[in-house]
Amino acid sequence: MRFQQLLQRLPWLPSFMPNRSAPGASRLSTPGPTTPWRPERLDTQAAIIHHLEWCVLFNEHLAVDSTQTHPIRPLPDAHHCDLGQWLARMHPRMADRDPRFLDLQQEHRRLHSMAFQALALARNNSMARASTLLNTDFERSRAKVLRLLREMQKD
């Protein structure tokens, strides 16, 4: 699934898309006075999108056939992915303000660790072990990262 396809599945997206006919239209529309969105919520929404994009890329890596010649974008680690970069930028502002932030950072690192572990197992033909990891600990971690982000967005 490409980023554009992912975006089409997000029901809130049209309200943030620029009016392409307006000259100099910004990427995101500016919230008006009656709009409940605060900048922090938009930042957190961007983090959710980063997480979902990484999950899509991870799925592409899982689906790669070793005989395939089609190049695939490298899977970034926890520090180099977009969510990891967002977490690093937000740390000074959020670490003391929201205890969930530190949980999010820890779970995010755990998720990446398990992802690379699952990929290594799959590449070594340990499909049963990779599948078990993906369907248990990895899935719980993936869901927890998303849940923490959504909880932080609501506040």
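Keep in mind that what you see is a predicted model, and the values were worked out from it rather than measured.

Analysis parameters
- Residues numbered from 1 in each chain as written.
- Predicted model: local features only at pLDDT ≥ 70, side-chain atom pairs only at ≥ 80, totals over all residues.
- Heavy atoms only, no water.
- Axes fitted to C-alpha atoms, helices over the stretch in contact; angles between N-to-C directions.
- Helix = DSSP H or I, 4+ residues; strand = E, 2+ residues; numbered from the N terminus.
- Parallel < 35°, antiparallel > 145°, perpendicular 65-115°, else oblique.
- Left-handed = near helix turned anticlockwise from the far one by under 90°.
- Contact = heavy atoms within 4.5 Å.
- Nonpolar A, V, L, I, M, F, W, Y, C, P; charged D, E, K, R; others polar.
- Phe/Tyr/Trp six-rings, centres within 6.5 Å; stacked < 30°, edge-to-face > 60°.
- Buried < 20%, exposed > 50% of the residue type's maximum accessible area, 1.4 Å probe, protein only.

Caption draft 1: View of the packing of helix α3 (residues 82–94) against helix α4 (residues 99–123). Where α3 contacts α4, the two axes come as close as 11 Å, and the packing angle between them is 155°. Looking at the two axes, α3 sits roughly antiparallel to α4. Note on packing geometry: the crossing formed by α3 with α4 is left-handed. Here Leu83, Gly84, Trp86, Leu87, Met90, His91 and Met94 of α3 lie close against α4, whose contacting residues are Phe101, Leu102, Leu104, Gln105 and His108. Tallied by class, the residues present in the contact of α3 with α4 amount to 8 nonpolar, 4 polar and no charged.

Caption draft 2: Up close: the packing of aromatic side chains. Tallied over the full model, the rule gives 3 aromatic pairs. Seen in terms of ring centroids, Trp54 and Phe58 are 5.4 Å apart; in terms of plane orientation they differ by 10°. Their pairing is stacked. Within this pair, Trp54 and its partner Phe58 are both found in helix α2 (residues 39–63), separated by 4 residues, close to a single helical turn. Considered together, Trp54 and Phe58 belong to a single accessibility category, that of buried residues. Centre to centre, the rings of Trp86 and Phe101 are 6.4 Å apart; their planes meet at 55°, and the pair counts as tilted. Residue Trp86 is located in helix α3, and its partner Phe101 is located in helix α4; the two are separated by 15 residues in the primary sequence.

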